[in-house]
Amino acid sequence: MTDIATMPQPVSFGRRLKRFMADRPLIPLIILLIILVVILQVLRPGIVNERWLANTAKFAIPLAILAGCQTMTMLTGGIDLSVGTVATMSAFIMATQIVNQDPAVAFLLAMLPAVLIGLVNGIGVGVFRVHPLIMTLGTSLIGTGFLQVYQRTVIASGAKIPDFLNWLGTGVTYGFPNALLLFVPVAVLIVFMLNRTGFGRLLYAVGDNERAARLSGVRYWQVITALYVLSSLLAGITGLLYIGLIKAPSLSLAEPLVLPSVAAAVIGGTSIFGGRGGYTGTIIGALILTVLTTLLTILQMPEGGRRILFGFIVLFVTAAYLRIVEDR
Amino acid sequence: MTANPLLDATGVAKNYGAVAALRNASLSVLPGEVHALMGANGAGKSTLVKILTGAIKADAGRILIRGQQLDVRSPAAARRAGLLPVYQEPSLIPDLDVLSNLRLTGTPVEAFRAWVRELGIPDLDIRETARHIPLAILRVLDLARALAVEPDVLLLDEMTAALPANLAEKVLEVVRRQGDAGRSVIFISHRFVEISALCDRATVLRDGSTVGVVDIEPGIEERIVEMMLGARIEKTRVTARAANEVAIAGGGRPRLSVRNLQLGTKLNDVSFDLANGEVAGVFALEGQGQDELFAALAGSIRPTGGSIDVDGAPVKFSHPSDAIQAGIAYVPGDRTEALAMQRSVRENIALPFSAALRKWGPIRMRREQVVVSGAIGRLQIDTRAQGEVQRLSGGNQQKVTIARWIAANARTILCFDPTRGIDVGTKQEIYKLLRELAGQGKSVLFYTSEMEEVQRVCDRVIVIFGGRVVDTFPVEEADEPALMRAAYGLPRGAKADVGILAEVKPGSNAEAAS
Amino acid sequence: MSRFLRNQGWVAGLFALLIFLFVVTKLIQPGYGSGDFGSLARAVLPYAFAVAAQTVVVIAGGIDLSVAAMMALTSVTAASMMNGASEEYALFVVPFVLAMGLALGALNGVLIVVTRVPDIVVTLAMLFVLQGAALLVLEAPGGAAAEWLKASVIGTVPIPGLPDWADAWVPKALVLLFVCLCIVWIPLRRSRLGLSIYAIGSNELAAFRSGVPVARTRIVAYALSGLFAALGGLSLTISTGIGAPIPGPYLLASVAAVVLGGVALGGGKGGLLGPIIAVFVLRLVRTDLTLLAIDPNVTAIIEGLIMVAVVMFGAFITMRSRPAGATP
Amino acid sequence: GKYTIGISNTVQGNGWREEMICAMKAQALASGEVAKLNIAHRNTDAAGQLEDIRNLISAKVDAIVVNPADPAGIKAGLEEATKAGIVVVAVDQAVTEPSAYIISNNQEQYAYLGAKWLFQQMGGKGEVFYMRGAAGASADSDRDKGFKKALAEFPDVKVAQEVFTGWQQDQAKQQILSFLATGTPINGIWTSGIDNVIVDALVEQQAPMVPVVGADNAGFVGQLSSVKGLVGAAVTNPGSIGGAGVTLALQILDGKKPAQQTVLVEPQLWENATDEGKAKLKSVVDPSLSPEWPVSISIPDWTTYTKDQIVACKGPGE
Ligand SMILES: Nc1ncnc2c1ncn2[C@@H]1O[C@H](COP(=O)(O)OP(=O)(O)OP(=O)(O)O)[C@@H](O)[C@H]1O
Ligand SMILES: Nc1ncnc2c1ncn2[C@@H]1O[C@H](COP(=O)(O)OP(=O)(O)OP(=O)(O)O)[C@@H](O)[C@H]1O
Ligand SMILES: [Mg+2]
Ligand SMILES: [Mg+2]
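The name given to chain C in an unreviewed UniProt entry is Autoinducer 2 import system permease protein LsrD, and the organism recorded there is Mesorhizobium plurifarium. Under the UniProt heading Subunit (unreviewed entry), the note attached to chain C is "The complex is composed of two ATP-binding proteins (LsrA), two transmembrane proteins (LsrC and LsrD) and a solute-binding protein (LsrB)." On record in UniProt, under Function (unreviewed entry), the comment for chain C is "Part of the ABC transporter complex LsrABCD involved in autoinducer 2 (AI-2) import. Probably responsible for the translocation of the substrate across the membrane."

Here it is in structure tokens:
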């Protein structure tokens, strides 16, 4: 009559595999990436060559850095929608100021709005507790407005892409894009920061349980302000890299990267609710998105169909990944 | 018994990961009966209520309602079956007003109003948003809402814990009448006074299993306590006092000196000292201001008056980090408040190391490893699942919250009910640890809702009632009747037994509703 | 009275701001009259429906990034169905398109409940899917709208017993807006279902324990959002007479107006009135900026500043009004 | 100045549109007849443009110059403007409202001209990479008509791949690079005005140069005269059409109505395959302009401002 409480049963292979994957969330992600590349190669035999790899890397890198901004902010339960505007601003300012200024001065001028916007975001979110979505959206609008006004004042001076950025953005050395020279240190730095520094720890802690962090002596506003400034700085640097890659300063240069950067972070396993995720996953997420874009470009189907496919693949990948990783 | 049980649950089990909340619980309630469900903290009472009312799913067990096996899968289904709970946490929707909350659950408004008046709240504004209503009133509203639909079985989980005496009195009256009117009530409380005044029978749970069902009659308390605590009592008394001998007498300046601390209406004129090498207990019934006292000492909220001195120097805390800077660490009772659940044991323990701005740089991993594993070893944390704290058992989670401050070498630890929902063995370890800390000259302020913990761990006990320090005992004098009396605000030395409802009349010292 | 101010204070303040703006408008342009008010009402229409769509899900504790794409899809569907069709056929088109919005919204909800992917990701993926579908329906802007539909937002509604000058201030578009919103919102607000939507946004656990079917309620909230978005799409087709497959600027505008309208992004709080007034405020600000002939590039700055400032002000007020002694 | 002119534009941050706005401002200033410009210039859709137009009507402007988000979508607003006694001039694209005057670049012809030249360069056969604008935009579908018309005249020319660049530089560049990586041989590239990044990509990848058709953007025009081995053509699509729109509006206000409602500015094609063409390109190349700006900063007979004026981008009263 009385049922007995469930006893631990021998763990099945499926569960063990799941556990294994759950402990190493990168593996299923890499598998998904490889599947996409294989599909691409099947659809267009020969496309996956050295040159394609270099190009994919070139485009994935700016996306991956911006997605790094999203990863860091999402770890704290936030989001940074101003990265597109910040990147565009620093790119545009760099390209216009370099004409008459010393490169170092131009660089500083280009990074100035990034710092300012980051600071305003950080104070708004960290001190006034404005929802990050609204805060960064607002500053992004304001930034765009200022950029338009600025553009008006410099239109006569013309624009120029500094050779160095050009080399960095598009150059390839021994088959490796030069952008890796920027990206590898940045990526290592972000990964190191998230895993091996006090600040990184705090990002996770604040996002996981703000009260717990507080009780441990963490001052929320300090962490958040530093975070959004850092995020903006990275976005600014991405802007410089991107202008070197695209070589056409425009007022909406990096805007198209914003939503994909959020998507890359989410696909890479970072939780939008904070406290969970990491940068290596995000990098793979950015690669997945870049390959997916190529795949959809190559597909001979109406644009509408491509977008539908894109949406469903993003949803499917995220759902599959959650299923695999989440141990419920 | 001749009548058929209205509700009959057998073999109920529920596991949360590694934690067995219920192992083999059974409960049988007769029509028209007020049935007490008793058990120590973490025995599984709330879990059983949640299972009976469909709020969570049992892993095993059989539940018969009026002799029929019903599948109560959701609170809505439980309502239809005539089972209405008042959970331990208020369950009114915070952003809706009372009226909308009634409509949400399909509760008749007039009946509700009548019950609210009956329960001693004559002037309730039914348009008030739940968020703005004080906790005590919310609990009563929860009850009135349940009563208004005239349930067959009413399940009250620590209904009176957060109530001031006058409201509690009304609630008890009403509950007693429910039984007379032929309705069954399952009544959970840690207060024997209420049980003996109210209940017909009691089911006792221990560590997730039903260990006995008894009729309530004079003198039954001892037996219930025995059943609740099992073999624990004898063992522990010995070890506790033995450990105590190591304590260093706190010479010189007190470590912490609190004077006339004031916090709104919650704390009045609280003054006491905490010496080096001392474990001072704080004992109080629920909601007497102990939460606020600890929060103020931890820098979580700012007191509205009074002073706090640390090592003789006055301090003002505006953030927990200030308190930590002064060497005061706070271990909250609710571990979900203290832990980053998705992070590892190591990160949780090392969290305070990174908090200050100047510690944001690279972490010296090897040094951290040594310190963290030292703390883990010291508390014997079972780290088989250390990747994420949420996979640890509750007791081990609790240990992590303490280990953090052991690792950080805090000089003063404020422990708020650290053994809440913790198993016997772990409790022992925590007692031992606290004594050891005192032995090293550290000081501990230790709130507990369990009387025997006071005797096992503390050198001295401070009793709080209605936001005031009503008494301070050396531990030798802190036997249960004395503590209980003080906790109810009765003067020391009063001869009458505690445990009779009549003692707790309003006008003794009980405060009116806030 | 004090409770009214506490609960409705934000909305009342917003309304005062709106009145103030009307006064300012009248000062800038003394000729501002009933006809201009009618224009305002028509401009408000699509935004109001978009913000209604967003409000429902935000109250339920979610967010819907697919609002604008849903509007585009329903708009092109309506426009292409009515293209070359008889006037009466529109009588079928309208309910069809509304049902389509309802179904697609419900699909959003089902995907969120079933996949357990965070709503922000699901609706982001659906944004692409719906956009793609819109492009499949109409590759370029086109289609048509029935004349009687177009007429339904032009002109004023004669109200018996009111003098003509007063009638002139009752534009059809405004009446249509309020009728559509009220038909759905008022019964909803008063029903168990409406309360359930607030409940799951306010405290999901408490809602569940109060017997609210959480998953079903979430799906219904998204379905309603879809319905409102479809109304928005229809209003686009009606006012322009065509359908355009590229989504307009309604997503960000809707999120901004929701927050401005006093609906907490966490869910459970606020109503529809606040966001609708916020839409009027935002549209009227745009009117004033045009009337003042302000440099168009500065207008972006002003709009961003207003958004950030109002939300910061709101956050500041909540911080101040937090009961003394409570843990922040 | 005696007139107030309202301007409505729905794409912001794009070089071509920015030049159009500057041309409007410069022309208003140069004409001396305009007291004030009321500019509604933001990213929005047809419904948003209706709102802007109605706001301009509320502002009681004398004329509205509009670059329509959609030819049919703003009909109601334009009709109301005319009824209010306001002169309406649409630039860049046609509108369906019969009372409006139109001065426009002929988008269908634009595509036809470039595509035809390209297919001739390809010897009437081979594969073309067709890089369109934004899916769902009306200018894009007009150009598609012109392209398809040319394609029909060259039955041996095949479209190897059709993509939408969204008129975005980064997207276009990624697409061309992806495509080049497939190794699919192509004989020509037609772009909807996102051109200089395409040439960049070919150079960067050291891919075989194929004929490229683009617009008269400063960057691309510069490339046509400087990039070695590049054969290509720039089809004019002057942003200065905005200035022409202002001129037309002023003429109408002054009572000089044009003979027809619609004035089409026919595109020209500047190529570098012939010496003649090269000379023409030499004369128009202008490295001082932002690469996104079309080099045809003025339209003879229609604009009277100087280069300095349009570059200064100042309207009356600024
Ligand atoms: N969601 C949960 N996850 C993990 N463990 C849980 C959860 N809920 C309860 N437990 C554990 O189950 C056990 C029984 O908890 P329960 O709340 O039923 O105790 P209780 O008898 O009501 O105690 P108290 O008197 O303190 O209210 C405790 O050890 C608790 O830690
Ligand atoms: N990053 C860390 N990793 C490992 N152990 C740490 C770390 N930081 C501090 N500790 C340990 O925590 C204890 C107390 O740390 P505390 O913050 O007082 O360090 P401190 O350098 O002395 O700082 P302060 O200068 O503020 O006193 C010491 O035992 C120390 O070894
Ligand atoms: Mg308890
Ligand atoms: Mg309990």
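(A) Broad picture of the interface of chain D and chain A. The interface is formed by 36 residues belonging to chain D together with 37 residues belonging to chain A. Here chain D and chain A share an interface that buries about 3100 Å² over both sides, 51% of which is from carbon and sulfur atoms. The tally of links from chain D across to chain A stands at three salt bridges. Residue Glu-204 of chain D is joined to Lys-247 of chain A by a salt bridge in which the shortest nitrogen-to-oxygen separation is 3.5 Å. Where chain D packs against chain A, one counts eight residue pairs in polar contact (both at pLDDT 80 or more). Elements represented by at least two residues in the side of chain D that touches chain A include exactly helix H1 (15-31), strand S7 (157-164), helix H6 (169-182) and helix H7 (196-204) of chain D.

(B) Local environment of the interface of chain B and chain A. Listed as interface residues are 47 residues of chain B and, on the opposing side, 35 residues of chain A. Between chain B and chain A, a total of about 3300 Å² is buried, with carbon and sulfur atoms accounting for 53% of that surface. Here Arg-211 of chain A and Glu-337 of chain B are joined by a salt bridge, their closest N and O atoms 3.3 Å apart. Run the count over chain B and chain A and you get 18 residue pairs in polar contact (both at pLDDT 80 or more). Among the elements of the structure, strand S1 (7-16), strand S2 (19-29), strand S4 (60-65), helix H11 (320-325), helix H12 (345-355), helix H13 (365-379) and helix H14 (394-407) of chain B are those that each provide at least two residues to the side of chain B that touches chain A. The dominant element in the side of chain B that touches chain A, judged by the number of residues it contributes, is H12 of chain B, at seven residues. Broken down by class, the residue content of the side of chain B that touches chain A amounts to 20 nonpolar, 14 polar and 13 charged.

(C) Quick peek at the UniProt feature "transmembrane region" (unreviewed entry) in chain C. All names here are of chain C. With numbering matched to this structure, UniProt assigns "transmembrane region" (unreviewed entry) to residues 9-28, 48-77, 89-114, 120-138, 169-188, 219-242, 248-265 and 300-319. Helix and strand shares over residues 120-138 are 95% and 0% respectively, and the end C-alpha atoms of the span are 27 Å apart. Along residues 219-242 the backbone is 92% helical and 0% strand, and the end-to-end C-alpha distance reaches 31 Å.

(D) Inspection of the site of ligand 2 at higher detail. Residue and element names in this part refer to chain B. What surrounds ligand 2 is the set Phe-353, Arg-358, Lys-359, Arg-367, Glu-368, Val-371, Ala-407 and Ala-408. Between ligand 2 and the protein, one listed contact pairs an oxygen atom with a side-chain N or O atom of Arg-358 at 2.7 Å. In the environment of ligand 2, an oxygen atom lies 3.1 Å from a nitrogen or oxygen atom belonging to the side chain of Arg-367. When atoms are counted within 2 Å of each cavity's grid points, the one that captures over half of ligand 2 is the second largest pocket. When residues of the shell around ligand 2 are assigned to their parent elements, the largest contribution, three residues, is made by H13. Here the residues of the shell around ligand 2 sort into four nonpolar, no polar and four charged.

(E) Representation of helix H8 (residues 218-226) of chain D. Of all nine residues that make up H8 of chain D, seven are buried, and the element is covered over most of its length. Tucked into the core, H8 of chain D has its buried residues touching H7, strand S9 (212-215), strand S10 (232-235), strand S12 (269-271) and helix H10 (275-284) of chain D.

(F) How the structure looks around the pairing of strand S12 (residues 267-274) of chain B. All names here are of chain B. Sheet analysis places strand S11 (residues 256-263) next to S12, joined by five bridges and oriented antiparallel. In the strand pairing of S12, Leu-263 is matched with Leu-267. The antiparallel hairpin formed by S11 and S12 contains three residues in its connecting segment, where Gly-264 sits at a positive phi of about 50°.

(G) Fine view of the environment of Ile-134 of chain A. Relative to the assigned elements, Ile-134 of chain A resides in helix H6 (residues 132-154). Once the C-alpha coordinates of Ile-134 of chain A and Gly-124 of chain A are considered, the two residues, ten residues apart in sequence, prove to be 9.7 Å apart. With residues up to four places along the chain from it excluded, the contact list for Ile-134 of chain A reads Val-255, Ala-256, Val-259, Leu-265, Met-307 and Val-311 of chain C.

What counts as what
- Residues numbered from 1 in each chain as written.
- Chains lettered and ligands numbered in written order.
- Predicted model: local features only at pLDDT ≥ 70, side-chain atom pairs only at ≥ 80, totals over all residues.
- Heavy atoms only, no water.
- UniProt positions renumbered as here; feature names shortened; annotations may be inferred.
- Contact = heavy atoms within 4.5 Å.
- Buried area = accessible area lost by both parts, 1.4 Å probe.
- Salt bridge = Lys/Arg side-chain N within 4 Å of Asp/Glu carboxyl O.
- Polar contact = N/O pair within 3.5 Å; in protein donor to acceptor, adjacent residues only side chain to side chain.
- Helix = DSSP H or I, 4+ residues; strand = E, 2+ residues; numbered from the N terminus.
- Nonpolar A, V, L, I, M, F, W, Y, C, P; charged D, E, K, R; others polar.
- Near = heavy atom within 4 Å.
- 1 Å grid on protein atoms, 1.4 Å probe; cavity = no way out; pocket = protein on both sides within 12 Å on 5 of 7 lines; lining within 4 Å.
- Sits in = over half its atoms within 2 Å of the grid points.
- Buried < 20%, exposed > 50% of the residue type's maximum accessible area, 1.4 Å probe, protein only.
- Pairing = 2+ DSSP bridges.

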